Each structure stands twice: as structure tokens, then as C-alpha cells.
Protein chains: 2
Amino acid sequence: MLTFPAHDYSAATGFGTNTLDRLSERREDAAFIASLRADTAARAILFVGELIVVGEGAQVIHPKGLVDALGGQWDEAVLLGVDGTGPLFAATVEPFGEDAPFTLENLRPLAVEGAGGVPVPRDVLGAVAQARGVLGWHMRHQFCSNCGAPTVMAQAGMRRDCPSCGAHHFPRTDPVVIMLAVNGDKCLLGRQTRFVNGVYSCLAGFMEPGETVEAAVRREIWEEAGVQTSRVSYHASQPWPFPSSLMIGCFAQATSTDIDPRDAELEDVRWFDRADIAPMLDQTHPIYAAPPPVAIAHHLLRAYSVHGAPVVLADAPTPVSA
Amino acid sequence: MLTFPAHDYSAATGFGTNTLDRLSERREDAAFIASLRADTAARAILFVGELIVVGEGAQVIHPKGLVDALGGQWDEAVLLGVDGTGPLFAATVEPFGEDAPFTLENLRPLAVEGAGGVPVPRDVLGAVAQARGVLGWHMRHQFCSNCGAPTVMAQAGMRRDCPSCGAHHFPRTDPVVIMLAVNGDKCLLGRQTRFVNGVYSCLAGFMEPGETVEAAVRREIWEEAGVQTSRVSYHASQPWPFPSSLMIGCFAQATSTDIDPRDAELEDVRWFDRADIAPMLDQTHPIYAAPPPVAIAHHLLRAYSVHGAPVVLADAPTPVSA
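The notes below deal with the structure included here. Treat the numbers as computed from the prediction; the structure is a model and nothing was measured. (Residues numbered from 1 in each chain as written. Chains lettered and ligands numbered in written order. Predicted model: local features only at pLDDT ≥ 70, side-chain atom pairs only at ≥ 80, totals over all residues. Heavy atoms only, no water.)

**Section: the relation of the copies chain A and chain B**
In summary, the two copies of the chain are related to each other by a rotation about an axis coupled with a shift along it. In plain terms, the rule: Only residues with pLDDT of at least 70 in both copies count here: their C-alpha atoms drive the least-squares fit that superposes the copies. A contact between two residues is defined here by any heavy atoms of the two lying within 4.5 Å.
Of the two same-sequence chains, chain A is brought onto chain B (RMSD 0.0 Å, axial shift 0.0 Å) by a rotation of 180°. These values place the two chain copies in the arrangement generated by a two-fold rotation axis. Minimal C-alpha distance to the rotation axis in chain A is attained by A:Gly148, lying at 2.1 Å. By residue overlap, the copies meet face to face through one surface: 100% of the interface positions of chain A are interface positions in chain B.

Set out below in C-alpha cells:
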């Protein structure tokens, strides 16, 4: 079982603690994979479409027998990895009736609130994110993007192969930059129309081909706020399986303050006082609120609230003179 | 035209300096895109399959008229962005005869050595990487992965739409971790069979669903070398368009020294003395060599050569107390 050092800020984000050994170097070994499937200690995380199967006490890890019992195919279950208990797989099953001792839940509220007042343990959420990411990818990639033919699962579910043109397809992960632009004791937040009233969060956007993390951070802040930034420093990253993003969390030094958005992506974008951030994070602010700890935005804001403007100097000790 | 602050280490990597304004917020505006296509100052970067069209003096940016002249379709050219000269597009053209005043070049050696002794300017290489990345994506994504139907270009070439099931597909960028594990005055390098004799480089590997950058770094070092690591710190990133990677460059603190690879990906992996790194980078070492400055591995190694073990402490000033 993997462990996480205290200075791994990424492990503090939602879905950031995944204790499985993925055994990625053994996925080609069919006999080994078969032995894991045959293991009586094998378990599975189950989805019906995008909804996760949750049992009593917020249980999301089920005995392997439940896969076939709920109309799934154990032979097609995706290997997530192994921990101290045994192998863990992910599988899609059929919808079930209301009398079943399970419910179907959306993963996002489940991660924030748990089920029936019981939270899902942090390290289990890491494996759940992996399961949702790879199962969602299989759902959306039944056909070969290169030739249009149906594809088949390979490598214990971590690849899809095209029998027609021979292409190999791997799970897709989309890098997204999410960042807090800082100007002394002010930081830049925006709100999307779909946010709950009063909630503001960090700006964010998908990276594009031929772009560095730093360039993407500056571009997105420019597009969404019209604010210019210079120094960018990385803080932490987070898998975000809605459907398949890697959130790359950064701070950016603002060099202008006028707000004049280039696009219409945000309903509002504005500067907040650093002193407002802690109550926004703790949901005690009279007007505004910030995202919960499941979101990497919470952790960027918490670091800024505690340390202030020096957060953007994180990489200062290692200038390259070459 | 975009500029890059001196402390942007990513801008120092090959393909890391892209001065185009991508105008991504205006891609939906068909009339605006048409006006850019009609602009007499519009230019294009051209490819035949994976090979780039290079003119006299290592010229890779051509007048827009050359697209149709070489059998391409100007109406289907992909908008890369604009700079002080005008709009810049990317297009695929037909193979041409030996009497044409152009050659077809592989991008990797072109980036390292230039053409006919003439280097391609650094900021032009950024746009070239963007062009190769997005054109390659179009080549491999003519069909809908969701339903198998043929797709069509949208948003000036930055999206493909499926007329059959309605899916929108965006260019794919695969995050890859590349890292230098450090143990005081020793660092861990490996060589692939395809490397030139004596060349060693940083370990690297594709990130997986449900994984943080830090977890991926530790996993890849464990798989390829059997070495355990704790603290991971981000250094820089690089677009690597072979075919569509984002290289995320990190340092990692090694906590074990025995080498015992889990997989067979590397021909050899070993510890190098810090004192050997500078001559390896400068190609003056009697036995070994390291990658050229086009590669982010070069920059990780240069930073370690100059600063030593403190490179892994880059993020130390911003612990999160929350």
C-alpha cells in the first residue's frame, strides 16, 4: 500500500490519495492478471453509467461476486491495482431495483458529504476517481478514432486496441490549469453561473497543444479577467474525474489590476481581500463562500490565506543560470 | 505578441516559447475567423504527414498562397493564432517533387540542428510544435470514438464534431512526468536502447487516470529503477509534440539507493555523480552524454548541476497548515 509524505500537497486534495499499487508493469502478463481475477480476496468498485454503486455505511468497495450478480462481466473488469487486502477492480453493472441494498450516487456530492452521514475514506476516494476515470473513458471510446471500427479492451482494461487498423488507444487525461492570481493582499476569483449563490473560485481552463503550464496559466487569466501576470509557480495537482482531468494548481503574480474579460465564461470576476479568504473557506463569511476541501481551489486559497503573496515565490530558490 | 518573464523556466525548453496570441475566445466567431483567412498577411506552417515543409534559410513560415499551391486546402487550415505580423495557420499539403525549393524534415533534428546550418528561431519552434500537435491529432481523429461515424472540423480547427451522435472532440494532450531523482551528490539516469551510445537521460512515463503528478513521479521511478522517493518538486513543463505530450519536469528526493527495476523499459539505469553532469551536458565527458537543450531533461540536469540537492526543496517556503 502506498503512503504519502506530509509535504505532498497534492495528496491533500480530493481524490489525491490513491494507495493502490497499479502494477502497470505487469498488465501485459495475462496469466498474472487471470490469477488476480481468480483471487477470492478480489473486490470491485461499481458504476451504472456515471453513478457509483454505494452500499450500507457508504461502502463503495464490494466483493467481486457482486459484479456478475448485478449483470456486469467480471472477465471484463478493469484492474485498478492491489493493496494490503488484495486486488481491486472497476466494473460497469446494470441498473437495479429499489429493493436492492444499494443506491446509485453522484460522485461529486458523495466525495463532499459522504452517504447517509457517513464519509467515504480519503484513500478510497482516490481509487474511486481512478475507477470513474477509466470506466468513463471506455464508455466514450468504443470506436477507433483513427478508422471508425469497434475497439476491444486490452491490458487488463488500461488500453483499447483496434483489430481493424491496429491502433492502440490509452486512457485520456486532459491537463487543466487552475490558478490564483495574486497582487499583494488581493487575489482574483470568479464565479460561473452554475455556482451556488455567493460562491467564488479560482480561474481555470484546459491546456492546449504546444503550450507550457505557465503559458496556459497566463493565457486563461488574460482571457477570463483581462489581467496580466508574470511569475507562475506550481503548488499541487489533482485528478478530477469529471470526466478525465488533471488539475494543475498554480499561483500567478498579477502585474495589472483592471478587470476586462476577453470571453464570457464567467458570470463575474473580481479581486478579493486576503482577509476575506479564511472565512470564505470556513463558510463563515456573511456574503461570499469558497469551494470545499475536495477541490484543489480550496487548497490554493488556504495556502494564500496563510502565507500571503510569498506563495508565488515558491520556486525562487532554484533559478537556472545556464 | 506574447513575452516571457526571465523566471519562466518552461520557456527555456525546446518548443516552450510560443509568442502567438491563440485568440481561443474568438474561435466560435465564424466571420472573424473568415477575416483572418482573408488577411493578405496570413501565413502558414505546412506538413506532409509528420514531416515539416522547410524552405531556404530554414524557413518554416510560408505565405498563405503556398497552401493551395502545394495541394492543401486553405479553407481547412487550422488557426494557430496571431502575432505582430498577422494570423498564422497550420495546414497539411501534398508531397512535392525534388525540384521544389522546399525539403521535408523531421521536426526533432530540425529543432536541435536547424536546416543547412541555419537554426530555426526559438519562438518559431513554439508555433511549429503547436502546428504539429494539432495536425497530428486531426490525422488520428477522423472518426468519432463514441459512435464510429466520420467527424468534421469545427472552431477553426481546434475541435472536431460528430454529426451523427453530436459529440464534441478536443485536441488531446497527454501529461507525462519526467524527473530527476536526487540523493545528495548522486542522481538517477537511465538509457533506452534507441539512445545514441553513452547517452543517459531522466526517467519518464505517462500519467494515468486518478493520479497526481507527485504519485506518478514516485510510481515511475519505482517501476523503472526500484528506487523509493519522498518529496517531489515541480521545476518546469514542456510541450512535446511527438505526438502530443505535455512533459511535466520534477525533482524527487530518493530515500533508497539499490537499483532493482520492476519493468524492462530501460536498457540500463544507474546513479551518476553530480560532478559528471556538467561535462555530460556540454558533450565533453569522455564516456557519457546527456540530452541537448531542446529536451526538458537537459534543464532538469543543468539546474541540479548548478544547485545540487537543494533543487528538491524548491517548494519548501509554502507548506499548507490547513
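Here the narrative resumes, following the displayed structure.
**Some remarks on the pattern of salt bridges**
Residues and elements named next belong to chain B. The test is simple: Salt-bridge detection follows one rule: a side-chain nitrogen of Lys or Arg within 4 Å of a carboxyl oxygen of Asp or Glu. Each residue gets one of three labels from its accessible area relative to the maximum for its type: buried under 20%, exposed over 50%, partly exposed in between, using a 1.4 Å probe on protein chains only. Labels follow the DSSP assignment, with helices taken as runs of H or I lasting at least four residues and strands as runs of E lasting at least two, numbered in each case from the N terminus.
A complete count under the given rule lists 38 salt bridges over all chains for this structure. Put simply, Asp 260 and Arg 262 hold a salt bridge, and the shortest N to O gap is 3.0 Å. Taking relative accessible area as the criterion, Arg 262 reaches 36% and is therefore assigned partly exposed. Arg 302 serves as the salt-bridge partner of Asp 282, at 3.1 Å between the closest nitrogen and oxygen. Here Asp 282, found in the loop between helix H6 (274–281) and helix H7 (296–307), pairs with Arg 302, found in helix H7; they are 20 residues apart in sequence, far enough to count as distant. Judged by relative accessible area, which is 16%, Arg 302 ranks as buried.

**A look at the packing of aromatic side chains**
Residue and element names in this part refer to chain B. Filter applied, for reference: Only centres within 6.5 Å qualify two rings of Phe, Tyr or Trp (six-membered ring in Trp) as a pair; their planes then separate them into stacked at under 30 degrees, edge-to-face at over 60, and tilted for everything else. We call a charge positioned over a ring when the NZ of a Lys or the CZ of an Arg lies within 6 Å of the ring centre and within 35 degrees of the ring normal.
One pass over the full model with this rule turns up 17 aromatic pairs over all chains. Ring centres of Trp 240 and Phe 242 lie 5.0 Å apart, and the angle between their planes is 75°; this geometry places the pair in the edge-to-face category. Here Phe 242 falls in the buried class, since its relative accessible area comes to 18%. Looking at Arg 108, its charged tip hangs above the ring of Phe 242, at a distance of 4.6 Å from the centre.

**A few points about the environment of A:Arg26**
Residue and element names in this part refer to chain A. The residue Arg 26 is located in the segment before helix H1 (30–38) in this model. Taking relative accessible area as the criterion, Arg 26 reaches 34% and is therefore assigned partly exposed. Sequence-wise, Arg 26 and Gln 155 are 129 residues apart; in three dimensions their C-alpha atoms are separated by 8.8 Å.

**Focus: the sheet that holds strand S7 (residues 152–154) of chain B**
Residue and element names in this part refer to chain B. Stated formally: Being paired, for any two strands, means DSSP has found at least two bridges between them.
As summarised here, the arrangement of the 3 strands in space is S7-S8-S9, forming an open sheet in which the pairing is antiparallel. The open sheet terminates on both sides in strands that have one partner only, identified here as S7 and strand S9 (168–169). Alignment of strand S8 (residues 159–161) against S9, held across 2 bridges, turns out to be antiparallel. Looking at the pairing, Arg 160 lines up with His 169 of S9.

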